[in-house]
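Here are the chains, one letter per residue:
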Amino acid sequence: IQGGKMNGASALKNLQALSNEERDTAIYHYVKGLQNQASGDIPKAIISFKNAIAKDSNFLPARRELSAMPQEKKGGTNIFKSDLKDVVGLFFKKK
């Protein structure tokens, strides 16, 4: 910890030191997602946030981080950057 803040290396070391039981929680996956996001690994961050939500569907911090991710990275369609024809097609898409 430097200047009251934990640096990325010590945060990663702390995450790796957790037991398997402690890793099987929404908070672990959320913090792992934040660590991945801070290091620039957005695909891994998205996976971690989704894992946190899978552990606890009401875990709002992970939902908030995931919703802030660019749509293209999540595999979704950004309706504000798409053709109108494609956006309208989304409404009538068969599931």
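Above this note sits the structure.
Rules behind the numbers
Residues numbered from 1 in each chain as written. Predicted model: local features only at pLDDT ≥ 70, side-chain atom pairs only at ≥ 80, totals over all residues. Heavy atoms only, no water. Helix = DSSP H or I, 4+ residues; strand = E, 2+ residues; numbered from the N terminus. Areas by Shrake-Rupley, 256 points an atom, 1.4 Å probe, with all protein chains shown as cover. Expected span 1.5 Å × (residues − 1). Buried < 20%, exposed > 50% of the residue type's maximum accessible area, 1.4 Å probe, protein only. Arc of directions from axis to C-beta. Axes fitted to C-alpha atoms, helices over the stretch in contact; angles between N-to-C directions. Parallel < 35°, antiparallel > 145°, perpendicular 65-115°, else oblique. Left-handed = near helix turned anticlockwise from the far one by under 90°. Contact = heavy atoms within 4.5 Å. Nonpolar A, V, L, I, M, F, W, Y, C, P; charged D, E, K, R; others polar.

## Quick notes on the overall build of the chain
Piece 1. In terms of helices and strands, the chain carries seven helices and zero strands.
Piece 2. Across the chain, helices and strands are ordered from the amino to the carboxyl terminus as α-α-α-α-α-α-α.
Piece 3. Entry remark: accessible area of the chain is about 7100 Å², with carbon and sulfur atoms responsible for 55%.

## A closer look at helix H4 (residues 42–55)
Piece 1. Given a rise of 1.5 Å per residue, 14 residues ought to cover 20 Å, and the 20 Å separating the end C-alpha atoms of H4 matches this to within 8%.
Piece 2. When H4 is considered as a whole, its buried residues turn out to be Ile-42, Ala-45, Ile-46, Ser-48, Phe-49, Ala-52 and Ile-53. Projected onto a plane normal to the axis of H4, the buried residues spread over an arc of 165° and lie on a single side. Looking at H4, the residues exposed on the side facing more than 90 degrees away from the buried face are Pro-43, Ile-47 and Ala-54.

## Here's the deal with the packing of helix H3 (residues 26–38) against H4
Piece 1. At a minimum axis separation of 8 Å, H3 and H4 run at an interaxial angle of 165°. Looking at the two axes, H3 sits roughly antiparallel to H4. Crossing of H3 against H4: the hand is left-handed. Contacts from Ala-26, His-29, Tyr-30, Lys-32, Gly-33, Leu-34, Asn-36 and Gln-37 of H3 reach H4 at Ile-42, Lys-44, Ala-45, Ser-48, Phe-49, Asn-51, Ala-52 and Lys-55.
Piece 2. Across the contact of H3 with H4, the residue classes break down as seven nonpolar, six polar and three charged.

## Description of the packing of H3 against helix H5 (residues 60–68)
Piece 1. Viewed as axis vectors pointing N to C, H3 and H5 meet at an angle of 30°, and their least axial separation amounts to 10 Å. In terms of their interaxial angle, H3 and H5 are classed as roughly parallel. The handedness of the crossing between H3 and H5 comes out as left-handed. On H5, the residues touching Tyr-30, Leu-34 and Gln-37 of H3 are Pro-61, Ala-62 and Glu-65.

Everything listed here is a matter of coordinates, which is why it stays silent on function.
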